[in-house]
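This is what each chain is made of:
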Amino acid sequence: MTAPDPPPSHPAHGLRARWRQVRRLPFTLMLASLLAGLGIVQLTFQLGNLGYRSVTWVRETRETQERVEGLERDVRVLKEGVAAAEDPAYLEQLARCQGFVGVEEDVIVAVGAPETPGENCAARRLP
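These lines cover the structure that appears in this document, whether it is placed above or below. (Residues numbered from 1 in each chain as written. Predicted model: local features only at pLDDT ≥ 70, side-chain atom pairs only at ≥ 80, totals over all residues. Heavy atoms only, no water.)

## Considering the overall build of the protein chain
Along the backbone of the protein chain there are two helices and zero strands. Looking at the protein chain as a whole, 4% of its 127 residues qualify as buried. Looking at the protein chain as shown, the accessible area adds up to about 12,200 Å², and 62% of this sits on carbon and sulfur atoms. (Helix = DSSP H or I, 4+ residues; strand = E, 2+ residues; numbered from the N terminus. Buried < 20%, exposed > 50% of the residue type's maximum accessible area, 1.4 Å probe, protein only. Areas by Shrake-Rupley, 256 points an atom, 1.4 Å probe, with all protein chains shown as cover.)

And the structure:
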């Protein structure tokens, strides 16, 4: 017993297989186009999101730096206030601004002076 010979290949059979491959080509191209379109949409979204985050980050960084500068200014003013609180000349000037007089000084009141005197000096507000 020997193996039977393979059936002769018909040119029509090869043509039919070829036609089937050609019919699948448009479907393959449509699928590839759909995937490329989805990739473009995703890339556009990612680039837009990256731009939005960059702009937001720059704005928030600027706001934080301004806040830090304000806090550093407040710390400097407070340190100056602490240093001035130990200076007798500054304390004397503060007392005069509030209307106090020295022990050996005479108080002179003007005839048209208001009953409640205002501040003689500009007040410096500490943070």
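There's plenty left to go through after this.
## Considerations on the pattern of salt bridges
One pass over the full model with this rule turns up one salt bridge. As a salt-bridge pair, Arg59 and Glu63 come within 3.6 Å of each other at their nearest N and O atoms. With Arg59 and Glu63 both in helix α1 (residues 11-85), this residue pair falls four residues apart, about one helical turn. (Salt bridge = Lys/Arg side-chain N within 4 Å of Asp/Glu carboxyl O.)

## Quick look at a nonpolar patch on the surface
Residues Phe27, Met30, Leu31, Leu34, Leu35 and Leu38 make up a contiguous nonpolar surface patch of roughly 650 Å² in combined accessible area. In this fold, Phe27 is placed in helix α1. (Patch = residues over 30% accessible without salt bridge, like charges linked within 9 Å, V, L, I, M, F, W, Y side chains within 5 Å.)

Function-wise, these values are silent; they only describe arrangement.
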